[in-house]
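Structural overview
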Amino acid sequence: MIDLYIVYDNTNNLNRLYESDFDVHEQIFIHAYNINKKSDRSAGFKLKSSWGAKENPFIYLEKDGKPLKCFYSESSYEYGNDVINQVIKYLNDEKN
C-alpha cells in the first residue's frame, strides 16, 4: 500500500491526481490537505516543515510506513514537468 500525502492550495492539483491513471499494482491512498482550509492548515504545515518545503503543492509518498520520496518545488518547473506530473511519472515507473 502506498500513501500519498498532498498539501495544496489549488484544487486543480488535487483533481489532476484523482484523474490520473496510476499503473501500479498496489493501492494508492490519497491524503489531501488544503492549506486554505483552517482544519487542514496545521497538518499541512507540519508535514511540509518536516521536509523543509515552503511552496505548494507538496507531495510525500510513503510505502508501508516508510518514506519513499518527496516532491516539491521552490521554483517553477517548465511546462509539463511540474510536481504533479513528476509524481505520476514516478509512480508509473515504480511497478513494485
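Below you will find a few notes about this structure. Keep in mind that this is a model prediction, so the values were computed, not measured. Sequence positions are assigned chain by chain, starting from 1 and proceeding in written order. The predicted origin of the model limits local features to residues at a pLDDT of at least 70 and limits the giving and counting of side-chain atom pairs to 80 or more, whereas totals for whole chains, interfaces and linings rest on all residues. To get the side-chain values, take all heavy atoms of the structure and skip hydrogens and water.

Here we come to the pattern of salt bridges. A carboxyl oxygen of Asp or Glu within 4 Å of a side-chain nitrogen of Lys or Arg is what we treat as a salt bridge. Inspection of the entire model under this criterion finds two salt bridges. Salt-bridge contacts for Asp-82 lead to Arg-16; the nearest nitrogen and oxygen are separated by 2.8 Å. One end of the pair, Asp-82, is in the loop between β4 (66-71) and α3 (83-93); the other, Arg-16, is in helix α1 (residues 11-19), with 66 residues separating them in the sequence. Of the charged contacts in the structure, one is a salt bridge between Asp-93 and Lys-89, with a shortest N-O distance of 3.1 Å. Separated by four residues within a single helix, Asp-93 and Lys-89 lie in helix α3, roughly one turn from each other. Accessibility expressed as a relative area gives 53% for Asp-93, which makes it exposed. Each residue's exposure class comes from its accessible area (1.4 Å probe, protein chains only) as a fraction of the maximum for that residue type: buried when under 20%, exposed when over 50%, partly exposed otherwise. Residue Lys-89 is classed as exposed on the basis of its relative accessible area of 55%. Under the DSSP-based scheme used, a helix requires at least four consecutive residues in state H or I and a strand at least two consecutive residues in state E, with every element numbered from the N terminus.

This part covers the pairing of β4. Two strands form a pair only when DSSP identifies at least two bridges running between them. With five bridges connecting them, strand β3 (residues 58-63) and β4 associate as antiparallel partners. Directly across from Tyr-60, in β4, lies its bridge partner Cys-70. Adjacent in sequence and paired antiparallel, β3 and β4 are bridged by two residues, among which Asp-64 carries a positive phi angle near 55°.

So, to be careful, I would describe these as geometric facts and stop short of saying anything about function.
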